Amino acid sequence: MTQDERKQAVAQAALRHVPQGEIIGVGTGSTVNFFIDALATMKHDLAGAVSSSERSTERLKAHGIPVFDLNAVERLPVYVDGADEIDPSGAMIKGGGGALTREKIIAEVADRFVCIVDASKLVSVLGAFPLPVEVVPMARELVLRRLRALGGEPRQREGYITDNGNIILDVLDLAMPNPRELESSINQIPGVVTVGLFAHRGADLALVGTATGVQECTYP
């Protein structure tokens, strides 16, 4: 199977975890695009979706799937999204597509987080993928200094502004022996909107596309 075929397989498998008649959370990224396309086949069984990005919102609406503001929704039974890396505990690095803040907000609301990835995203320790940090622009230099003090090498993502009007710093070479602790430390830096570490609220289930099919990994 090609990488796209593996992504399509996990996107299709995720439909089994979508309850009928409910509003669900939908993430952002290439794998999620396949999920949105698959979701269109059961759109008449859905109440709608809450989306983590303008890109996903446009794709959902193009398929005729209603998109709701999160403030109008009391609960989400499930949130389906991808990851840039996921470790054996279900902790993830997310934000390669730039939607980390909205993704983290929706994940916090959802009863269940279903992560859809191909096998290349599975890692034993997080950190090979640069860690995205969304930052208020006026705090850029402060946050750069603090991230360097933590041992990383942050670089501003060139030509990119988030849907929230902020910048992203991608941090290379940052050791992550304790992702929960690091997530808390970075989130406490003034000017940080959020960090793309999803350790405190990690995945509940990962659907992993492999050469032989879709594997399920559950996390406590």
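Above this text you will find the structure in question.
This text gives an overview of the structure that appears in the document. Computed from a predicted structure; not experimentally measured. All residue numbers refer to positions counted from 1 along the written sequence of the respective chain. Note on the predicted model: pLDDT of at least 70 is required for a residue's local features to be given, and 80 or more for side-chain atom pairs to be given and counted; whole-chain, interface and lining totals, by contrast, use all residues. Heavy atoms from the whole structure form the basis of all side-chain values; hydrogens and water molecules are not counted.

Section: the nonpolar core
Nonpolar cores are built from buried Ala, Val, Leu, Ile, Met, Phe, Trp, Tyr and Cys residues. Side-chain atoms within 4.5 Å join them into one set. Only protein chains enter the area calculation, which uses a 1.4 Å probe; residues under 20% of their type maximum are buried, those over 50% are exposed, and those in between are partly exposed. Ranked by size, the top nonpolar core spans 24 residues in total, and within it Ile24, Val26, Phe35, Leu39, Ile116 and Leu207 carry the most contacts. For this core, the secondary structure elements donating two or more residues are α1 (3-14), β1 (23-26), α2 (30-39), β6 (113-118) and β12 (205-210). Each helix corresponds to a stretch of at least 4 residues labelled H or I by DSSP, and each strand to a stretch of at least 2 residues labelled E; elements are numbered beginning at the N terminus. A total of 5 residues in this core trace back to one element, the largest contributor, which is α2. Ala91, Leu131, Val143 and Ile186 belong to the second-largest nonpolar core, a separate cluster that totals 23 residues.

Some words on the packing of aromatic side chains
For any pair of aromatic rings, geometry is given as the distance between the ring centres together with the angle between the planes. Ring pairs are drawn from Phe, Tyr and Trp, using the six-membered ring of Trp, whenever the two centres fall within 6.5 Å, and their geometry is named by plane angle: stacked under 30 degrees, edge-to-face over 60, tilted for the rest. Scanning all chains against the criterion turns up 1 aromatic pair. With a centroid separation of 5.0 Å and an interplanar angle of 70°, the aromatic rings of tyrosine 79 and phenylalanine 113 are classed as edge-to-face. Here phenylalanine 113 lies in strand β6 and tyrosine 79 lies in strand β3 (residues 79-81), a separation of 34 residues in the sequence. Geometry around phenylalanine 198 places lysine 104 over its ring, the cationic atom sitting 5.0 Å from the centre. By the criterion adopted, a ring carries a charge over it if an Arg CZ or a Lys NZ lies within 6 Å of its centre and within 35 degrees of its normal.

Focus: a nonpolar patch on the surface
A residue counts toward a patch only above 30% relative accessible area and without a salt bridge, and it is joined to like-charged neighbours within 9 Å or, for Val, Leu, Ile, Met, Phe, Trp and Tyr, to nonpolar neighbours within 5 Å. Methods summary: accessible areas were calculated by the Shrake-Rupley approach with a probe of 1.4 Å, and residue burial reflects only the protein chains presented. Salt bridge, as used here, is a side-chain nitrogen of Lys or Arg placed within 4 Å of a carboxyl oxygen of Asp or Glu. A surface patch of nonpolar side chains, amounting to about 290 Å² of accessible area, comprises Val136, Met138 and Val193. Structurally, the position occupied by valine 193 is in strand β10 (residues 192-195).

Structural notes on the environment of isoleucine 161
Mapped onto the fold, isoleucine 161 is located in the loop between β8 (153-156) and β9 (167-172). Residue contacts are defined here by distance: any two heavy atoms, one from each residue, within 4.5 Å place the two residues in contact. Aside from chain neighbours lying at most four places away, what touches isoleucine 161 is Asn166 and Ile167.

Let's talk about the packing of α2 against helix α3 (residues 54-62)
Helix-helix packing is characterised by the crossing angle of the two axes and by the distance between the axes. Only the stretch in contact is used when a helix axis is fitted, and all axes are lines through C-alpha atoms; the angle between N-to-C directions ranges over 0 to 180 degrees. Orientation of α2 relative to α3, taken along the N-to-C sense of each, is 20°, at an axis distance of 9 Å. Relative to α3, the element α2 is oriented roughly parallel. For the pair α2 and α3, the sense of crossing is right-handed. Two secondary-structure elements touch here, α2 through Val32, Asn33, Ile36, Asp37 and Leu39 and α3 through Ser56, Arg59 and Leu60. Looking at the contact of α2 with α3 residue by residue, the classes come out as 4 nonpolar, 2 polar and 2 charged. Any angle that falls under 35 degrees is termed roughly parallel, while one over 145 is termed roughly antiparallel, one within 65 to 115 roughly perpendicular, and all others oblique. Left-handed describes a crossing in which the near helix is turned anticlockwise from the far one by less than a right angle; the clockwise case is right-handed. Side-chain classes are defined by residue name, with Ala, Val, Leu, Ile, Met, Phe, Trp, Tyr, Cys and Pro counting as nonpolar, Asp, Glu, Lys and Arg as charged, and the others, Gly among them, as polar.

What to know about the side chain of glutamate 183
As for its position among the elements, glutamate 183 is in helix α6 (residues 179-187). Polar contact is the term for a pair of N or O atoms within 3.5 Å; when the atoms are in protein, one must be able to donate a hydrogen and the other to accept it, and sequence-neighboring residues count only if both atoms are side-chain atoms. For glutamate 183, the side chain forms a polar contact with the main-chain nitrogen of alanine 199, separated by 3.0 Å. For glutamate 183, the residues in contact, after removing those within four places along its chain, are Lys104, Val195, Leu197, Phe198, Ala199 and His200.

Considering the environment of isoleucine 106
With respect to the helices, strands and loops of the structure, isoleucine 106 is situated in helix α4 (residues 100-109). When the C-alpha positions of isoleucine 106 and glycine 82 are compared, they lie 13 Å apart, and in sequence the two are 24 residues distant. Discounting chain neighbours no more than four positions away, the residues touching isoleucine 106 are Gly25, Val50, Ser51, Ser52, Leu70, Leu76 and Tyr79.

Here's the deal with the pattern of salt bridges
Inspection of the entire model under this criterion finds 11 salt bridges. The shortest N-O distance in the salt bridge between arginine 59 and aspartate 37 comes to 3.0 Å. Of this pair, arginine 59 sits in helix α3 while aspartate 37 is found in helix α2, placing the two residues 22 residues apart along the sequence. Look at arginine 59 and you get partly exposed, because its relative accessible area is 32%. Of the charged contacts, one joins aspartate 81 and lysine 94 as a salt bridge, the two residues approaching to 2.7 Å between their closest N and O atoms. Here lysine 94 lies in the loop between β5 (92-93) and α4 and aspartate 81 lies in strand β3, a separation of 13 residues in the sequence. Of the two residues, aspartate 81 and lysine 94, both sit in the buried class.

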